[in-house]
Amino acid sequence: MQKKSCQFSSKKVDYYFDADFALLEKLVGKEHTVLITDENIYGLHAKKFKGWNSIVLKPGEEFKIQPTVDAVIEELIESGADRKTTLVGIGGGVVTDITGYVAAIFMRGIRCGFVPSTVLAMVDASIGGKNGVDVGIYKNLVGTIRQPDFLLYDYSLLKTLPETEWINGFAEIIKHSCIKDLRMFKELEEKKLSFYKKDKAALGKLILRNAMLKSKVVEQDEFEAGDRRLLNFGHTLGHAIENMYELSHGQAISIGMTMACHLSAKLAGFKDTDRVVRVLEQYGLPTYAEFDKNAAFDVLQKDKKKERTTMNYVLLDKIGKGIVQQVPMNQLKTLIDELPA
Ligand code: ADP
Ligand code: ZN
């Protein structure tokens, strides 16, 4: 086990890397704790939940909605939860988003922790304090920014993770390397997914490195005025096409990153698009895809990052160095129309 801490504006968050699930009992105790998870994880890791109060949700993004929050709150009331209760979310981003949100609003805020069970949640979703639910077609429209008290990393949970979810997580890992960490990018170039799945030590190091990379970025810019925006690399076009086609988040941002590389070449003299594309494909991710450019642009028009006539777009100056550049919307339209498929 390796303990690290990050000091966010409102709270210090403790990270227990390479830990065993059993550590949870020492951190919170069974009596005043409620675990929240989903049916898949509960079914696959039933032993871990023995003796704990648990709330089991239906899996999937389609249940990341307010009615689920209401149902959790009712279960909490029934089980006699109070201000002293700690909520612990054990799962992927859906579970940790809901858990963090309920913990933020129940009795105006109770303690909470996360045990991320997907690569994506370990390196991204469970870090940074953003939580909440979707409303109709709008993802994460309602929620808060509130840091958890702790994160516990038990890599043994990943033994049951489906291949597609591994690939999803590696899309965010590649993203981190592109915007901030050339050395990690080079390591990823040399290895492949099957290596990390087999080599527990290498995987542990990679996850820790990514979790700390994201944490440092958030620590310096919790409310997204500067560097935190870099984490949106690939996400602007990515989010637009994620909803239009049935793509996983990792697939969508991989296509988004490929397109952002091409925009970077045109707007910032970026020279390594092929290298980024090669790594994405090496980890099973799609890169060039035909998509309805007019429809995608219409979605971009509604993006949170859009100002009146310009959009803050995350580009690469070089591998390991992301930059934010204001791109006029009409220029963006032309650039997107010219993108290769
Ligand atoms: P994320 O947002 O982190 O990708 P989700 O919460 O959407 O994660 O979870 C993705 C899917 O993977 C869900 O169906 C979930 O039940 C399942 N899942 C999460 N963790 C595990 C695990 N350790 N083993 C098997 N399936 C898992
Ligand atoms: Zn993402």
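The rules behind the values
- Residues numbered from 1 in each chain as written.
- Chains lettered and ligands numbered in written order.
- Predicted model: local features only at pLDDT ≥ 70, side-chain atom pairs only at ≥ 80, totals over all residues.
- Heavy atoms only, no water.
- Axes fitted to C-alpha atoms, helices over the stretch in contact; angles between N-to-C directions.
- Helix = DSSP H or I, 4+ residues; strand = E, 2+ residues; numbered from the N terminus.
- Parallel < 35°, antiparallel > 145°, perpendicular 65-115°, else oblique.
- Left-handed = near helix turned anticlockwise from the far one by under 90°.
- Contact = heavy atoms within 4.5 Å.
- Nonpolar A, V, L, I, M, F, W, Y, C, P; charged D, E, K, R; others polar.
- Buried < 20%, exposed > 50% of the residue type's maximum accessible area, 1.4 Å probe, protein only.
- Pairing = 2+ DSSP bridges.
- Phe/Tyr/Trp six-rings, centres within 6.5 Å; stacked < 30°, edge-to-face > 60°.
- Lys NZ or Arg CZ within 6 Å of the ring centre and 35° of its normal.
- Patch = residues over 30% accessible without salt bridge, like charges linked within 9 Å, V, L, I, M, F, W, Y side chains within 5 Å.
- Areas by Shrake-Rupley, 256 points an atom, 1.4 Å probe, with all protein chains shown as cover.
- Salt bridge = Lys/Arg side-chain N within 4 Å of Asp/Glu carboxyl O.
- Domains from an automatic or database assignment.
- Buried area = accessible area lost by both parts, 1.4 Å probe.
- Polar contact = N/O pair within 3.5 Å; in protein donor to acceptor, adjacent residues only side chain to side chain.
- Arc of directions from axis to C-beta.
- Donors = N, O, S within 2.8 Å, 3.2 Å for Na, K, Ca; no water.
- Near = heavy atom within 4 Å.

## Topic: the packing of helix H11 (residues 249-268) against helix H14 (residues 329-338)
Relative placement of two packed helices is described by the angle separating their axes and the distance separating the axes.
Here is step 1 of the chain: The geometry of H11 relative to H14 is characterised by a closest axis approach of 10 Å and an angle of 125° between their N-to-C directions. Considered as vectors, H11 and H14 are oriented oblique to each other. Crossing hand, H11 versus H14: right-handed. Contact residues: Leu-263, Lys-266 and Leu-267 in H11; Gln-331, Leu-332, Leu-335 and Glu-338 in H14.
Here is step 2 of the chain: A per-class count over the contact of H11 with H14 returns 4 nonpolar, 1 polar and 2 charged.

## A word on the pairing of strand E2 (residues 12-17)
Here is step 1 of the chain: With 5 of 6 residues buried, E2 lies mostly within the body of the structure.
Here is step 2 of the chain: In this sheet, E2 lies alongside strand E1 (residues 2-7) in antiparallel orientation, the contact comprising 6 bridges. Its bridge partner being in E2, Ser-5 is matched across the sheet by Asp-14.

## Topic: the packing of aromatic side chains
Here is step 1 of the chain: Tallied over the full model, the rule gives 8 aromatic pairs.
Here is step 2 of the chain: Aromatic side chains Phe-170 and Tyr-283 sit 5.3 Å apart centroid to centroid with 5° between the ring planes, which places their arrangement in the stacked category. Taken together, the residues span a long stretch of sequence, with Phe-170 in helix H6 (residues 163-180) and Tyr-283 in the loop between helix H12 (273-282) and helix H13 (293-300) at a distance of 113 residues.
Here is step 3 of the chain: Since its relative accessible area comes to 1%, Tyr-283 is described here as buried.
Here is step 4 of the chain: Each ring, one from Phe-195 and one from Tyr-196, has its centre 5.1 Å from the other, and the planes form 70°; the classification is edge-to-face.
Here is step 5 of the chain: Since its relative accessible area comes to 0%, Tyr-196 is described here as buried.
Here is step 6 of the chain: The rings of Tyr-15, Phe-17, Tyr-153 and Tyr-155 are connected pair by pair, giving a single aromatic cluster.
Here is step 7 of the chain: Over the ring of Phe-195 we find Lys-191; its NZ or CZ atom is 4.8 Å from the centre of that ring.
Here is step 8 of the chain: When the ring centre of Phe-297 is taken as origin, the NZ or CZ atom of Lys-333, which lies over that ring, is 5.7 Å away.

## Examining a nonpolar patch on the surface
Here is step 1 of the chain: Where nonpolar side chains cluster on the molecular surface, the patch consists of Val-135, Ile-137, Tyr-138, Leu-141 and Val-142 and spans about 480 Å² of accessible area.
Here is step 2 of the chain: Top contributing element to the nonpolar patch by residue count: strand E8 (residues 138-142), with 3 residues.
Here is step 3 of the chain: In this structure Val-142 comes out as partly exposed when scored by relative accessible area, which is 30%.

## Details of the domain arrangement of the chain
Here is step 1 of the chain: Taken domain by domain, the chain consists of domain 1 (2-160) and domain 2 (163-337).
Here is step 2 of the chain: The C-alpha-based centres of domain 1 and domain 2 are spaced at 26 Å.
Here is step 3 of the chain: Listed per partner, the contact involves 25 residues of domain 1 and 28 residues of domain 2.
Here is step 4 of the chain: Between domain 1 and domain 2 lies a buried interface of about 2,300 Å² when both sides are counted; carbon and sulfur atoms form 64% of it.
Here is step 5 of the chain: Along the contact surface separating domain 1 from domain 2 lie 4 salt bridges.
Here is step 6 of the chain: Of the charged contacts in the structure, one is a salt bridge between Lys-214 and Asp-124, with a shortest N-O distance of 2.7 Å.
Here is step 7 of the chain: Taken together, the links from domain 1 to domain 2 amount to 9 residue pairs in polar contact (both at pLDDT 80 or more).
Here is step 8 of the chain: Sorting the residues of the side of domain 1 that touches domain 2 by element identifies E1, E2 and helix H5 (119-125) as the ones contributing at least two each.
Here is step 9 of the chain: If you tally residues by element for the side of domain 1 that touches domain 2, the top one is H5, at 5 residues.

## Topic: the side chain of Ser-126
Here is step 1 of the chain: With respect to the helices, strands and loops of the structure, Ser-126 is situated in the loop between H5 and strand E7 (133-135).
Here is step 2 of the chain: Among the polar contacts listed, one links the side chain of Ser-126 to the backbone oxygen of Ala-121, at a separation of 2.7 Å.
Here is step 3 of the chain: Excluding residues that lie within four positions of it along the chain, Ser-126 makes contacts with Thr-96, Phe-114, Pro-116, Ala-121, Pro-148, Leu-151 and Tyr-153.

## Points about H13
Think of an α-helix as 3.6 residues a turn; residues three or four steps apart then line up on the same face.
Here is step 1 of the chain: Along H13, the positions that sit buried rather than exposed are Lys-293, Ala-296, Phe-297 and Leu-300. Around the axis of H13, the buried residues are gathered within 100° of arc, so they sit on the same side.
Here is step 2 of the chain: Looking at the packing, one finds that the buried side of H13 touches helix H10 (235-244), strand E10 (310-318) and H14.
Here is step 3 of the chain: Measuring from the side-chain oxygen of the N-cap residue of H13 to the backbone nitrogen of Asn-294 gives 3.2 Å; that N-cap residue is Asp-292.

## Quick look at the coordination of the zinc ion (ligand 2)
Here is step 1 of the chain: Taken together, Glu-172 (OE), His-235 (NE2) and His-249 (NE2) make up the protein donors of the zinc ion (ligand 2), found 1.9 to 2.1 Å from the metal.
Here is step 2 of the chain: Counting the intervening residues between successive donors of the zinc ion (ligand 2) yields the motif E-x62-H-x13-H. Here the residue His-235 occupies a position in helix H10, and His-249 occupies one in helix H11, the gap between them amounting to 14 residues. His-249 shares its class with His-235; the two are buried.

## Quick word on the site of ligand 1
Here is step 1 of the chain: Ligand 1 sits among 17 residues. The nearest are Asp-38, Gly-93, Ser-117, Thr-118 and Thr-160.
Here is step 2 of the chain: At a separation of 2.9 Å, an oxygen atom of ligand 1 approaches a polar side-chain atom of Asn-40.
Here is step 3 of the chain: Here Ser-117 contributes a side-chain N or O atom positioned 2.7 Å from a nitrogen atom of ligand 1.
Here is step 4 of the chain: Bound to the protein, ligand 1 loses 87% of the 560 Å² it would expose on its own.
Here is step 5 of the chain: Taken together, the elements giving at least two residues each to the shell around ligand 1 come down to helix H2 (39-44), helix H4 (93-105) and H5.
Here is step 6 of the chain: Here the element with the most residues in the shell around ligand 1 is H2; it accounts for 3 residues.
Here is step 7 of the chain: Here the residues of the shell around ligand 1 sort into 9 nonpolar, 6 polar and 2 charged.

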